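Chain and residue survey
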Amino acid sequence: MNNRIFIVAHAPLAQALKACAMHVYPECANEVLTLDVLADDSPEQSLAAAQRLWAGVPDGDVLVLTDVLGATPANVAQQWARDRKAKIIAGVNLPMLLRSVCYRHEPLEGLLQRAMTGGALGVVEITPPV
């Protein structure tokens, strides 16, 4: 069974990241869920939205990717994950998400490490030589 991936980020980043990843992995659309946290939504509203989004989704391992440590999306992700088998990473970027989708079949702990490695290795300087 594959892990699900839950992106919780400031709007419109979550849905935009998913759209980019589905360009490469369109067959994974049902395994990547998103929550775009709106600027004027309270943390309680965002948490309720996350719970509604996941209502009816079978239990299983979840890798949660969020954007900024300490911001509302990350705080909501932590609250949402309390009673689930989930791992959370702050600092999501597209290389991290692509690596996560590619390796979603691995055990959750291994997927966590793959995602973090993909995110870190995806940040490189590519300035052309002068």
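Just so you know, these numbers come straight off a predicted model, no measurement behind them.

Another aspect to go through is the overall build of the protein. The number of helices and strands found in the protein is five helices and four strands. Ordered by position from N to C terminus, the α and β elements of the protein give β-α-β-α-β-α-β-α-α. For the protein, whose C-alpha radius of gyration is 15 Å, the value lies close to the compact-globule estimate of 14 Å for 130 residues. Along the first, second and third principal axes, the C-alpha set of the protein runs to 50 × 35 × 25 Å. Burial statistics for the protein: of 130 residues in total, 40% are counted as buried. Counting contacts in the protein only where the partners sit at least 6 residues apart, residues at least 24 apart contribute 69% of the total. Taken as a whole, the protein presents about 7,200 Å² of accessible surface, with 57% of it coming from carbon and sulfur. Charge-centre separation for the protein: the mean point of 10 positive side chains lies 6 Å from the mean point of 13 negative side chains.

Scanning all chains against the criterion turns up four salt bridges. One salt bridge in this structure joins E31 and R104, with 2.4 Å as the shortest N-O distance. One end of the pair, E31, is in the loop between α1 (13-24) and β2 (32-37); the other, R104, is in the loop between α4 (94-102) and α5 (108-121), and 73 residues separate them in sequence. Neither E31 nor R104 differs from the other in exposure class; each is buried. Here R114 and E106 are joined by a salt bridge, their closest N and O atoms 2.9 Å apart. Note on R114: relative accessible area 30%, which makes it partly exposed. The exposure class of E106 is buried, given its relative accessible area of 17%.

Time to look at the sheet that holds strand β3 (residues 62-66). If you trace the four strands from one edge of the open sheet to the other, you get β2-β1-β3-β4, paired in parallel fashion. Edge positions in the sheet fall to β2 and β4 (86-90), since each of these pairs with one other strand and no more. Averaged over neighbouring strand pairs, the angle between their axes works out to 15 degrees when direction is ignored. Relative to β3, strand β1 (residues 4-10) runs parallel, the two sharing five bridges. Along β3, the bridge assignment pairs R4 with V62.

Here we take up unusual backbone geometry. Cis geometry marks the peptide bond from A11 to P12; its omega dihedral reads 5 degrees. Counting through the fold element by element, P12 comes out in the loop between β1 and α1.

Parameters and conventions
Residue numbering note: each chain is counted from 1, following its sequence as written. This being a predicted model, a pLDDT of at least 70 is required before a residue's local features are given, and a value of 80 or more before pairs of side-chain atoms are given or counted; all residues contribute to the totals for chains, interfaces and linings. The basis for the side-chain values is all heavy atoms of the structure; hydrogens and waters are excluded. A run of H or I in DSSP becomes a helix once it reaches four residues, and a run of E becomes a strand once it reaches two; helices and strands are each numbered from the N terminus. With the radius of gyration taken over C-alpha atoms, the globule rule is written as 2.2 Å times the number of residues to the power 0.38. Whether a residue is buried, partly exposed or exposed follows from its accessible area with a 1.4 Å probe, protein chains only, as a fraction of its type maximum: under 20%, in between, or over 50%, in that order. When checking whether two residues touch, look at their non-hydrogen atoms; a contact exists if any pair is within 4.5 Å. Method for areas: the Shrake-Rupley scheme with a 1.4 Å probe, in which residue coverage is limited to the protein chains shown. Positive: Lys, Arg. Negative: Asp, Glu. His and the chain ends are not part of the count. By convention, the point assigned to a charge is CZ for Arg, NZ for Lys, CD for Glu and CG for Asp. Any carboxyl oxygen of Asp or Glu that lies within 4 Å of a side-chain nitrogen of Lys or Arg is treated as forming a salt bridge with it. Only when DSSP finds a minimum of two bridges between them are two strands counted as paired. Helix axes use the C-alpha atoms of the stretch in contact, all axes being lines fitted to C-alpha atoms, and the angles between their N-to-C directions lie in the range 0 to 180 degrees.

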